[in-house]
Structure formats: structure tokens, C-alpha cells
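Understanding the architecture of this molecule
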Amino acid sequence: MDYHRLYTHICLFYLTLQIVRGLDEVTFLNPPQEPVSSYWLEIFYSCDYPAAVQLDFVVAFDAGKTSTTTLRHWSCVPGTPKIRTLELILPDWLVYQPDGIVPESRWVLSCILKVSIRYNRFSGETYIIDQHVAVLYPIPPLSRPVKQHKLCSAWGAQMLQVTRQYSKKRCLREEETVPLLSSIYASTGENFGITKTLQPYSNDVLESLRVDAISFPWCLFSIWIYVTRHCQESLCGVFHHISSSNAYVTPALFLATSGRLHIQVNGELGESSALLSPFKVPLREWCHLTLTLHGKWVTVSMVSMDDKRLVQSVEHEYKHPVMLDDTKGYFVIGGGKYTRGVEGYFGPLVYYRNRIPHYDMSEVVIPDVIKEVNLPGWLKACQHFQLEMDIKISGYTQQAKQQRDSGESCSDTFHRWVVNDRQPLKLQCEPWEASLPKRRHAAKLAKLLAFKRGGRGVSPAAVGRALYSLSLHKLDRGNSSDVVSRILPLLLQAACLADNQSLHLSSVLYSSVLGLQKQPNKAWLLALLAAQKDDRLSLLHLGRMHLHGDHGIPPDPDLAYAYYANIAKQTVFDRLNPSARQTFVEAVYLNNDEALQLQTNEDHHIFHWLKLQAYKGVADAEQTVGRLLFWGQQGVAPDLERAARHYQRGAVHLENPVSMYDYGIVLLQGYGVKKDIQKAVVFLKKAMEKGYTPAINALGWYYEQYERNYVRAVEFWEQADRLGNADAALNLGVLHSQGLYPGRAADEVMAFKYYMKAAEREHITGAVHVANFWTTGISGHVNRRVSDAILFAKWAAEHNGYLGSVLRKALDFYLKGDMLKSLLHYMMAAESGYEPAQFNVAYLCDQNPGQFLDAAFASDCMRRYYNLTIQNQNPETYAFIRLGDLLYEGQGERQKVLFSAAQMYKQAALHKNPQGWFNLGLLAEEGYRLPLSVLIELGLSELYLADNVMLLEALFERCRDSDDADSYLPCSLALYNVYVQSIQKDFPGAIKFSTAAAVVAAPAIYFLIRGVLGGRTLSRH
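Quantities reported herein were computed from a predicted structural model and do not represent experimental measurements.

Moving on to the state of the cysteines. Here is the idea: a disulfide is a covalent bond, and it sits between the sulfur atoms of two cysteines. The full count for this structure, using the stated rule, is 5 disulfides. Note on cysteine connectivity: C845 is disulfide-linked to C861, with sulfurs 2.0 Å apart. On the sign convention where negative means left-handed, the S-S torsion of about 70 degrees between C845 and C861 marks this disulfide as right-handed. Placement of the pair is C845 in helix α29 (residues 835-847) and C861 in helix α30 (residues 855-870), with a sequence separation of 16 residues. Both residues of the pair, C845 and C861, count as buried. Between the sulfur atoms of C959 and its disulfide partner C971 the distance amounts to 1.7 Å. Of the two residues, C959 is situated in helix α35 (residues 948-960) and C971 in helix α36 (residues 968-986); the sequence distance between them amounts to 12 residues. The exposure class of C959 is buried, given its relative accessible area of 1%. Across the protein, the disulfide pattern expressed with sequentially numbered bonded cysteines is 1-2, 3-4, 5-6, 7-8, 9-10.

Below, the discussion takes up the nonpolar core. W378, L514 and L930 are the most contacted members of the largest nonpolar core, which has 261 residues in total. Each residue touching L930, except ones within four places of it in the same chain, is listed here: A902, L920, L923, A924, L935, L945, L951 and L955. The next biggest cluster of nonpolar side chains, apart from the first, holds 29 residues, and it includes L41, I43, V102 and Y119.

As for its position among the elements, A562 is in helix α14 (residues 557-576). Taking C-alpha positions, A562 is 9.7 Å from L542, a pair spaced 20 residues apart along the chain. Filtering out sequence-adjacent residues up to four positions away, A562 remains in contact with Y185, G193 and I194.

Note on placement: S277 falls in strand β15 (residues 272-280). Looking at S277, the relative accessible area reads 1%, which means it is buried. Polar contacts involving the side chain of S277 include one to the main-chain carbonyl oxygen of F279, which spans 2.9 Å. Leaving out residues up to four positions away in the same chain, S277 has contacts with R260, L261, I263 and V314.

On to the packing of aromatic side chains. What describes a pair of aromatic rings is the distance from one ring centre to the other and the angle between the planes of the rings. As enumerated under the stated definition, the model contains 28 aromatic pairs in all. On the numbers, 6.4 Å between centres and 65 degrees between planes, the contact of Y49 with Y119 is edge-to-face. Here Y119 lies in strand β6 (residues 108-120) and Y49 lies in the loop between β2 (39-46) and β3 (51-61), a separation of 70 residues in the sequence. Relative accessible area serves as the criterion here: at 13%, Y119 is assigned to the buried category. Seen from the ring of W74, R84 lies directly overhead, with NZ or CZ sitting 4.7 Å from the centre. Taking NZ or CZ as reference, R712 lies 5.4 Å from the ring centre of Y703, over its face.

Calculation criteria
- Residues numbered from 1 in each chain as written.
- Predicted model: local features only at pLDDT ≥ 70, side-chain atom pairs only at ≥ 80, totals over all residues.
- Heavy atoms only, no water.
- Disulfide = S-S within 2.5 Å.
- Helix = DSSP H or I, 4+ residues; strand = E, 2+ residues; numbered from the N terminus.
- Buried < 20%, exposed > 50% of the residue type's maximum accessible area, 1.4 Å probe, protein only.
- Core = buried A, V, L, I, M, F, W, Y, C linked by side-chain atoms within 4.5 Å.
- Contact = heavy atoms within 4.5 Å.
- Polar contact = N/O pair within 3.5 Å; in protein donor to acceptor, adjacent residues only side chain to side chain.
- Phe/Tyr/Trp six-rings, centres within 6.5 Å; stacked < 30°, edge-to-face > 60°.
- Lys NZ or Arg CZ within 6 Å of the ring centre and 35° of its normal.

Next comes the structure, spelled out in C-alpha cells:
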């Protein structure tokens, strides 16, 4: 007897026993492992009462949709078990490769064969008493067999088949015209710029032409530039090429102090030659530059976009062949590691790699992106306003000097009049005192400042700052978004007077449409103006815009990194130079009651309690008070002198090693105390003796900085590095980078390894160095990884103290109940890409306390900023929940989008939020069929698609077993409700009294808990 017959007899015997016991049974005997055609399938089945057997085929696609097809249906007569053999024929599109006759299919995730025994109740309902499921594993389309068609196909189908076979064989797209910059870049004139690299051609013919042209280049660079100030050093970078050995190679284009262009190329033997253009680049005009390389000839042309359209050009033939290998090293637009950039703006920059197009410079058309932003239009309008204010300031200054010389004094009444707009205009005015109605506030503030300072030191920038303060003061007069439109003219005037805060806030308002009509190009223009003046938040704002492609701007990771790298490197400098304008960055979410309760200030009971504990000799309290005062944390204003006194008490009286280290550092740096190196060393050594690792690193820094003893410094740093100190790893990286490590030459690879170690230990400077290496790479050792460079630079940039100051103001306004000001300040940080601020803006719009926002704006606001929140690496999971609720509810004219809602809840569950599991359970409970892709990502088998009860149990069990203690009760009750409903369904005629009581009570308790859970966290549940 063969194995198959033996197995069949055993199954028959087993099923006979089942019949004797009075149970129904159905099972597959030989299910296939994968989709096949013309397969003989055997099914065992038995039943207690007359029933039906149904065979279904379920296919799940990648888009989240499923398709169920009934293949066979037959009767089941009570008696001995039976075996039914039937031919399983699956569709060709699932079994074979697409070939023109066999159609293409959507991507199939899974296939399920399901056989079930069904009873028909008297009510007409069908009840499944038993079922068996077999999973078929689909084969990718191009790995399936090719069907051998037996019948002659039509001529058209044959041609379609042939056409498709040949259409797959096509050449890869090769970019011979490379847009190195398609947007506008605001250059601050520092060592920051855009880094670009090029790869060899994939096509052998094009690559051969490129290699042949290395010693005889035939190419053109087209550059748009707007210079606001001539170079303050000998040369400033416009566009240059750095080789793998960190040397300037062809081409290198600089702007000289005189305004002339400096063009540098190199030859085959490494010799360099330079050319200085006879013409100058004009200020405050868009200019189009072309740099053409043709063998030994180099041509530079320029046309300025003024009314004259004057074309100027210079051509030069070098004695040696010009060399250009564009795949070696990297290109830089603006400033870089070795030179400062031009102050101004860069427009589109195009590299014609293997050709020189015909250019009629006199007919050059300004690119659309430059027209849309209209930078010259804004600057010219501001220039007229600045000239008007200069005249007024000069006149009021002269009046103030005359009054001061005559001995007269101003009263406080004048000041109140200016602020409250209640003083009538003088009947007799000088001609320069006349102002347009929209500019009267600026004129009044100019007069106020001139008289207040007695005619000394009044500048347009001071008037701009006063206008910004006045605009915020006017917010107190209204408690809705309508007031925003009224303060915008003041903000724009302040922006014209070079107030960066006004530029950034105006840009944010035009982006967020709070009381205004959305104007993306205006928002972009204002952000560019502020970023070019080195405004930290605007640099972050533009980095986010170009990273994600916001406001219709195409994504450009290299451009985004240029902005992030700028503020990241300045964050390192800012942290070493603390000021009252900076505050420690704290990620406080408005839905976190515990974090809000920890906020304090110098008059708050928490801070007083800490001081009391410190005076009682509690070392941790002394240390905490010093930290709060030094960094300005948790609402306490920074005060370096008082912080130093607390560090001193902790170090001297309490002998706390942490305080000893902190006190030693402030003595070394002179923060809040007089610098005392020897005293600092004494305390650092005491801290080291007590086992405090950072003190070991600090002593190494002392030997390196003051003793110049690198051997001793390395000993301390290597000891601290072994103990996991981030500063020590950074310092060792610096030594390797600069060739100062004793007995070793400069080694960039070793420096990178130490920088990476410091970055992994969350060191900001280490992250900046690693990002810098990743944006260029190290030939043969470190690959270029722009996306990772952006993540590291963005993380470092978001520790900037100026960002912290805006966040602190936003939180203070929230705690005081001033929701509109809080919203505006959080928006300033949110548009900069800071995730906690984005969440807090959405949360404020979501809660809308006192209905201070228009309902339509509040709805759009929370959708926009919750969406921005979830685009970050580690978002607040509540954002997923609320977005899921909004998609489920379909507010306004929006329809319900259950598939997207399920995706949001899935993300919340994957981020370990039990509410995500709970809400997925509710969707399934309401009859929505969860997409198979959702189940797979959650680690759930596709078998759950066949049994909704099993799926609900799995979802609510995951919710119950999460780490969140608050979720245990509601998730347990939801799970209990599933059990009760399952018992009621399976045993409709045998429910005991206790079970009946549970059926009545459980849903009531369950829905009560759902309401409690929803009232605490959600609007829906």
C-alpha cells in the first residue's frame, strides 16, 4: 500500500470517529504550495445535518484590496466521511508570465484556498460550522512559467506580444544637461555652499566620449547670480571644483574684491593658470554668467538683467591643455571648506556636459523661478522706504539734539501716545515729516526713538525692531486670527528695515494662511531674505522646504543640506557663546501634562523648593539649580553668574563630583566668573579622582590647549574614550584630522571614525563633522551619503539656542493662556521643521480653546501640521491617531478614507501606541476589512483575513499587552466583549444565565470604557 492510500484510510478512520462523536469536519488533503493550473485537489468532509460545502479562493493585492471567488459548491449528506476530488483551475494571470495574451496583473501579496461547511438557518442566514484554510505562496510575475498556448492566437495578439518583448529593451536615460541648481540659494558669504557630484555615464559610447574629453573639454556652465555686496576678502567662491586630493581643479570661478571674476584652470601636469575678467559683476542685479571650455580656450561672458542688457565677454587661450574630469572630487556652488562664498543669491546653474549650446547672450530669458520670486521688486520697494525712513530719522535726530541742547525734556505722556495711537498730529509739519497712512507707525516710532535717545544712535534697524515689538503688542487687542491681517503691514515694514524676526514671521504667515491668503512665492521670498542675513530659523525653514519640496518647490537634498549645514555649524559656535537671546532647546509636547507641570520660573514653587533643598545641602538640588540657571531650562532665565555660584557651592561645600566638573569648566572658560586656569585644574582633578569621566576629558583639553602637551592630552582622551565619553572621541578625531596626533600623519579616515563615535554618543560637533564627510565622501573609504548627512546636520541644527528661545516664548504664552501668541511662536518653529513645534501647532488648532481660531482654518491647520509631524523620524504617535480619526470622520466636504485611516492607526501601533491597536480593532469590529498589507506589516498572518473573530482577538490582545498601563483595562474589556460575542454566536441555544448576564453587561461596560478612553485622548472614541 503506498503512502497516499495509507494516509487516506487513516483520515477516513479519523473522520468516522468524528461522525460517531457527532462533529462536523472539513479539510484539504493535498493543497498546492503555489498557484498552479489544472491541479487535482482532494477534500475530506462530513456533516451532522444536511449542509453545503463551499470552496473559495481569496487573493490579496498590494493596494490593500482583496478579491474572493467561489470555485465550487456542493451538498453534504450526513453519514460516513467522503472525499471529493475536483480539478482546481486558477486564472492564467496568476499562474503564468504576462506575454500579451496572458494579461498583466497587479502585484499579488497572498492567495488563500478556503473550504467551509455551511448550514442554512430558518431565518435565511448562513452559518459556518467549520472551515479549513490553505495558503498558496504566489510567484513573482517574471519568475512564473511561460504558457505554451495550444490554440492559434490572433495576429494582433502576436504583434502585441512581440512589441512588449522589445519595448522592455531600452537604453537608460543619460543626463548630458545637468541642472546643478534648479532653484534659488541664499548665500550668507560664509564657508557654506551647495556640494554636487557627478557619476560616469552608464552608456559606453557617452562614457567613452567623456573620457576622451578629459584632456580636451568641450562644455559650458550657465550661472545666474545676484550679488548684494562685493567680496570682503581677496576671493569669494562663485563655483569651483575640488579634486579627490582636496585641491582646486578646473573650473574655479571666484569674485575678487574689485568685483571682477577670477577664473582658474589646471593642466595635465597639475599646473594652474588664472584669468581676471576686465568687467565687473554689478551689485543688486541678476546677472547671467557663462563659462565655456573648448580645448585650450576659456570664454567667460556676462549679461546683467537691467534695461541695457549689456553683454561683456573675455576669451583666453592657455598654453597648456585644460583638464576636466567631472567625476573626480566634487563641485561647490558658493562657499566651501577652503573659501567664503559670495554674499547674495544664486539662481539656476546648468552644466552642459558634452556640448556647447549656441547662446545669444543679448536674448537670454530670465528663468521662471527668478521671475516668480521677484527679488529685485521687493528690494527696490524697500530701498524707497529705507530712504524715506533715513530722511525722517535724520530730521527727528536733529530736532532731538536741539531739544537736548536747549535743556528741555520729554514726558512719559509722549511715549504712551505713540504706543496707544491717541496723540493728534501736529498742525505744522516739516516737509519730510509727511507720511502715508500705512507708514505713520514707523514715522512715530522713529520720532520716539530719536527723542528718547537724545538724538544718539538711531538706525533704521532699531525702528524695524520697534515695529516688530509693536506688531506683537497689537495682538493683545484681539483674540482671534483676524488681528493677524492687521499687523502684517507693520511686519513687512519692519522686514524692509532689515529685521530678521519680522521677515521670518511674515514668511510663516504667508505659508500658514493664518488670517491671510496663502502666497507661497511671497513666503519663499521673505525666507530667502532672512536666510541671506543669517537668520537661524529661516535657514532651518528653507532647509525643510527644499528637503520635502514644500510650496511646489522641487526637492533638492544637496540644497537642503547647504542650509542645514550652515545653522548646524553655527549652533556649535552659538553654544560656546551663550547669550540672553538663546535658550536651551526643550522638546515639550502640549499633550504631556507631566512635562507641563515641570515647567517653572524663578518665582515658581518648584524652583523655590529646589533652592531650599540646595541650601540644605542636597547635592543633586544644587546641581539642578545650577544647570537650570546656566542653560535657561524649564522656564528659568539664563544667569551665568548665579549658576557659577551654585556650581561653586556644590564643588566646595558639598564636594559633589558633577559640581566640581561644572565649576572647573566655568573657571576654564570664564562663564559667569573670572577665568582661573589653575583653580579650574584643581577642581577637575578632584572630580576625576571621584570617578567622573567628563573631568578626564577636560584635563586632556587643558594639556592640549595650555600646556601644548599632546602626548599627555591623548592619554587622558583615550582613557575617557574607553569610558564612553563623547567629547574625548571628538578631540581625538580633531587630532587625527589636523595631523597633531603624536607620531602619526593626518588621517581623515581615522578622524571620521572618531567623529562617528562622538556622533553616536549624541555629540553635536561630532554630528556636524560626520555630516560634512558624508556630503563629499572620502575616496575609497567613505561613500557619499547625502540623506544621512541631512539627518545628522538637521539634528545638530535643532539644538540651536535661537530656536530654543522661540520655543520658550511659545510655551510661556501657552501657560499664560495667550493662545494666539503661543500659536504664532510655535508656527515660527514649526515651519523650521522642528517636530515638537509642528505637533504643538496641530494640537492647538485641534483643541482650539475658546474658539480663538476660525473653524475652517483650525481644520486645515491640524491636518497640515499633523501631516508635517509624521514626516519626521520619531514623531509623536498621537499625530497618527488624530490623522486616522480625521480620515475616518471625513470632516466638511471630505469623504471617509478608511484605508488611509487604517494606515495611520497601523503606524501608531508600530510606534508602540496601544491606541493604534485599539482603533484597528474598532475598524474591524465595524465591518471594515483591514488590508492584508496592514496585517503583514503588523506581523499578523494572512490567515486572520478568514476569521474576523481571531483578528479582533489578536488586535485587542496586542493592545492589552502593551507597556502602557492605562490601556490594560479598556483593551481587556474590548477583548472580553469579543469573547462574549463569539460565544453568543457559536452557541445561540445554550447560553446559561451567567453567560446571558455577561452578554448584557459586557457591552455596556465596554462602550462605557470606550467613551472614557475617547474622552481622554480622542474625539472619536
